[in-house]
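# Per-entry structural report
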Amino acid sequence: QASSWLLGTTLAELWSAMAAAPLGRIKPESAAFLLCDVQERFRTVMEKMPLAIQVAKTMLAAAKVLQVPVLVTEQYPKALLHTVEELDVTEAKVFEKTRFSMCTEDFMAHLEGLNRKAVVIFGMEAHVCVQQSVLDLLAKGYEVHVLSDGVISQRSDDRSTALERMRQSGAFVTTSESVLFELLGSKDHNEFKQISQIVKLHGEELKAMAR
């Protein structure tokens, strides 16, 4: 059926369909950052935990500069404890949950109240809580950006498969640095110097981790 459709479709129609596809352009005033379950108990079982923490730290710092709201979830903190101490979430809205998706009733009520339809998600695990959150948000009409450098799973195959499924489902798979510079849009942005410094420090931290 797909091949028949292509054969009966003119080049102009194909270009029109491509032009109508969402591009995923994102601006500070329409965005929210979502930090998913970066909790203390996972520290001993997640090999890439330092990377997830570093990316989250960078995004939280940028959110403060760009005035992007941050929503944080914690999966069953009674057992898994709270968000790791390296991440300052005192200015974020934190939601406890027992379901895997971030999209609890309270969470969605707060997100909808922000009137921001583009969300950037990072955290863990990519193939469970992050993926289910992404699918729920897409179903609710949100434009979802997943940070490939900011989501982790215990097993690399689970992570890579989850990223592919989320992409197939309509999410934009991107990176922290790409999102931050797209939020700026230009070197003339008032916060360019501050965000550039945050990105520079992020790069230095990554190099130090790789040693």
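Worth saying up front: this structure is predicted, and the values here are computed from it rather than measured.

### Some words on the state of the cysteines
Scanning the entire structure with this criterion turns up zero disulfides. Lacking any disulfide linkage, Cys103 is separated from the closest cysteine sulfur, that of Cys36, by 9.3 Å.

### Regarding the environment of Asp149
Secondary-structure assignment places Asp149 in strand S5 (residues 143-152). In sequence terms Asp149 and Leu51 are 98 residues apart; their C-alpha atoms lie 7.7 Å from each other. In this structure, Asp149 is in contact with Leu51, Val55, Arg159, Thr174, Thr175, Ser176 and His202, ignoring residues within four places of it in sequence. At 2.6 Å, the side chain of Asp149 and the side chain of Ser176 are in polar contact.

### Here's the deal with the nonpolar core
Phe33, Met59 and Ile195 are the most contacted members of the largest nonpolar core, which totals 39 residues. Among the elements of the structure, strand S1 (31-36), helix H3 (49-66), strand S2 (70-75), strand S4 (118-124), S5, helix H8 (176-184) and helix H9 (192-210) are those that each provide at least two residues to this core. In terms of residue count, H3 provides more of this core than any other element does, 11 residues in total. If near-sequence neighbours (up to four positions away) are discounted, Met59 is found in contact with Phe33, Val120, Phe122, Leu147, Ser176, Val179 and Leu180. Ranked by size, the runner-up nonpolar core spans 25 residues in total, among them Leu137, Tyr142, Met166 and Ala171.

Cut-offs applied
Residues numbered from 1 in each chain as written. Predicted model: local features only at pLDDT ≥ 70, side-chain atom pairs only at ≥ 80, totals over all residues. Heavy atoms only, no water. Disulfide = S-S within 2.5 Å. Helix = DSSP H or I, 4+ residues; strand = E, 2+ residues; numbered from the N terminus. Contact = heavy atoms within 4.5 Å. Polar contact = N/O pair within 3.5 Å; in protein donor to acceptor, adjacent residues only side chain to side chain. Core = buried A, V, L, I, M, F, W, Y, C linked by side-chain atoms within 4.5 Å. Buried < 20%, exposed > 50% of the residue type's maximum accessible area, 1.4 Å probe, protein only.

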